[in-house]
Amino acid sequence: MGYYDDHSSQTRHQPKKKKSWAMPAVVGIILGAVLMILAMPALIQSDLLPYDLSGAEDENRIVDEDQNISGNTQSVEVDVTTQVTEIVEDVAPAVVGVVNLQSRANFWQEQEEGEAGTGSGVIYKVDGDTAYVVTNHHVIQGADKVEVALANESRITAEIVGSDLFTDLAVLKMPSEEVEKAIPIGKSENIKVGEPAIAIGSPLGLQFSGSVTKGIISGKQRAIPQDFNGDGEADWQADVIQTDAAINPGNSGGALINIEGQLIGINSMKIARSAVEGIGFAIPIDEAKPIIDELENEGQVKRPFLGVEAYSISDVPRGERSDTLKLPEDVDNGVYIRTVEPMSPASKAGLEQLDVITELDGEPIQNIIELRQHLYHDKKVGDEMTVTFYRNGEQQETTVTLVSQEDF
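Note that the structure is predicted; figures quoted are calculated from it, not measured.

J.: Mind showing me how you'd approach the pairing of strand β15 (residues 335-340) here?
T.: As defined by bridge partners, strand β14 (residues 308-312) adjoins β15 across 5 bridges and the pair is classed as antiparallel. From the neighbouring strand, V308 faces β15, where its bridge partner is V340. Relative to strand β16 (residues 356-360), β15 runs antiparallel, the two being bridged by 2 bridges. Within β16, the residue paired with V335 across the bridge is I357.

Okay, here's the thing in C-alpha cells:
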C-alpha cells in the first residue's frame, strides 16, 4: 500500500503568490505630486526652475484686475484713426441727400406732395449766401420741388438751376447758412487703375445717408451705352470711371473721392444683375466740371444742332439698304436720315430724307451714337462741319453751319 500525506501533498502543489508593485508606484506618484505643489512657491521665488512662470502669473493678474466683482470685463479703448477715417470725417458733410418731390392727386382728387424718389448730391461750391449742389439728372427728373437733406438731418428747399440728359448731371442751389463746407475738386485724368477710391452717398434712402464704401479704381474711360427712351436701342454712350466701391440705388449723385479727399467723380450708375457684383460707375469730374459750370451759368447745355432724325443703318435689313437706300454693297456703316426739319442747318446744307451719312469732317461714322458724340464733343455752336453722305448710290459732300437748338 502506498503512503498518502494530505499536508505534504497540499504544500507541494499550491502556487506561490507574487508581490504586487502597482500600489507602491501609485502612492509614490501621489506623494511626489503633493511635495512638488508644496515646494513650487519656494522654487519660483529662488529662481531654481529651468523656465519662467512669471508670465502666466502676470496674465492671471491682468485678467483679475480687468474683472470686477460682478464678473463683467472692462471696455478696451483702441485708436482706429486712419487716413480714410480722417478724410471721410472731413468730406462727409459736403455729401447730401436729394429728395424728389412730386404732386399727386389723392383719393379726393386733391393735389398733395409726396416723395417720388431720393438720391445723393455733392456741395461743390459756396458763394456768399448760396450753396451749389451737383447731382444726377435722373435723381431730380420730373420733380415739382426738390429738398436737400444735410448731414445734420435738416432739410432745405433747393432750386433746380439746370439739368442735362446726356451727361446725367443737374445743378441745384440753396441757402448756405447751414452748409459747413464745399468738397475739394480733384482731377480724374490723373487717376490710376488700382488706386483707392471712396464712395459716399445715401444708398436705399436717407436712412442710410452718409454711407461710406471703399474700393479701388477698376477701370478708366469705360464706354457704357444708355437708352433714354426705353426703346431697347442705345441713344448715347457715356464715358465713365469703373470702381468696385459699392454703389447702390440712392448713391446716384454722390461723391467718388480719392485718398486725398478730392472729388474725382459723380456716382451715376450700377449694373443691377444678380450675377454681377462690385461694378459701379462714376462720371469723371474732368468731363463733369464744364457741364456743371455751364448749367450753373446758363441753366442748360447748348449743343450744336443738325436738325435731322437719323438711325443706324445696322438696324436696316440688308435688302432695304440696296433697294430703298440705294447703298453700294461695301457700305455697312453710317446713319440714314428719316426726316429733315425745315430751315434747320441740315436742310440749308441740302441734306434730304434717306441720305446716308458715312463721315463727319473726314472721320468715319459707324452709328447714331458716334454722330452725336462728334457733334457734342468735337463741335461748338457756330462751327462748320463737312458731311459726307450717299444719295441714290453716289457719294456726295456738303458743309453744314451748326446752330444751337435753342436758337433754331
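There's plenty left to go through after this.
J.: What is the right way to look at the packing of aromatic side chains in this model?
T.: One pair of aromatic rings is described through two measures. These are the centre distance and the angle between the planes. Evaluated as defined, the whole model comprises 6 aromatic pairs. When the ring of Y124 is compared with that of Y132, the centres are 6.3 Å apart and the planes differ by 45 degrees; the resulting orientation is tilted. Each member of the pair, Y124 as well as Y132, carries the same accessibility label: buried. Each ring, one from Y311 and one from Y336, has its centre 6.0 Å from the other, and the planes form 35 degrees; the classification is tilted. Of the two residues, Y311 is situated in strand β14 and Y336 in strand β15; the sequence distance between them amounts to 25 residues. By relative accessible area, Y336 is classed as buried at 12%. Grouping aromatic residues by their ring pairs yields a cluster made of F166, F228, W236 and Y376. In this structure, K125 is placed above the aromatic ring of Y132, and the distance from its NZ or CZ to the ring centre is 5.4 Å. A cation over a ring is seen here: R303 above Y376, with NZ or CZ 5.2 Å from the ring centre.

J.: Just to check I follow, could you spell out the pairing of strand β18 (residues 384-391) for this structure?
T.: Of all 8 residues that make up β18, 6 are buried, and the element is covered over most of its length. Direction of pairing for β16 relative to β18: antiparallel, over a ladder of 4 bridges. Bridged to E359 within β18 is T388. Where β18 hands over to strand β19 (residues 394-401), the hairpin turn is made up of 2 residues, of which N392 adopts a positive phi near 55 degrees.

Definitions and cut-offs
- Residues numbered from 1 in each chain as written.
- Predicted model: local features only at pLDDT ≥ 70, side-chain atom pairs only at ≥ 80, totals over all residues.
- Heavy atoms only, no water.
- Pairing = 2+ DSSP bridges.
- Helix = DSSP H or I, 4+ residues; strand = E, 2+ residues; numbered from the N terminus.
- Phe/Tyr/Trp six-rings, centres within 6.5 Å; stacked < 30°, edge-to-face > 60°.
- Buried < 20%, exposed > 50% of the residue type's maximum accessible area, 1.4 Å probe, protein only.
- Lys NZ or Arg CZ within 6 Å of the ring centre and 35° of its normal.

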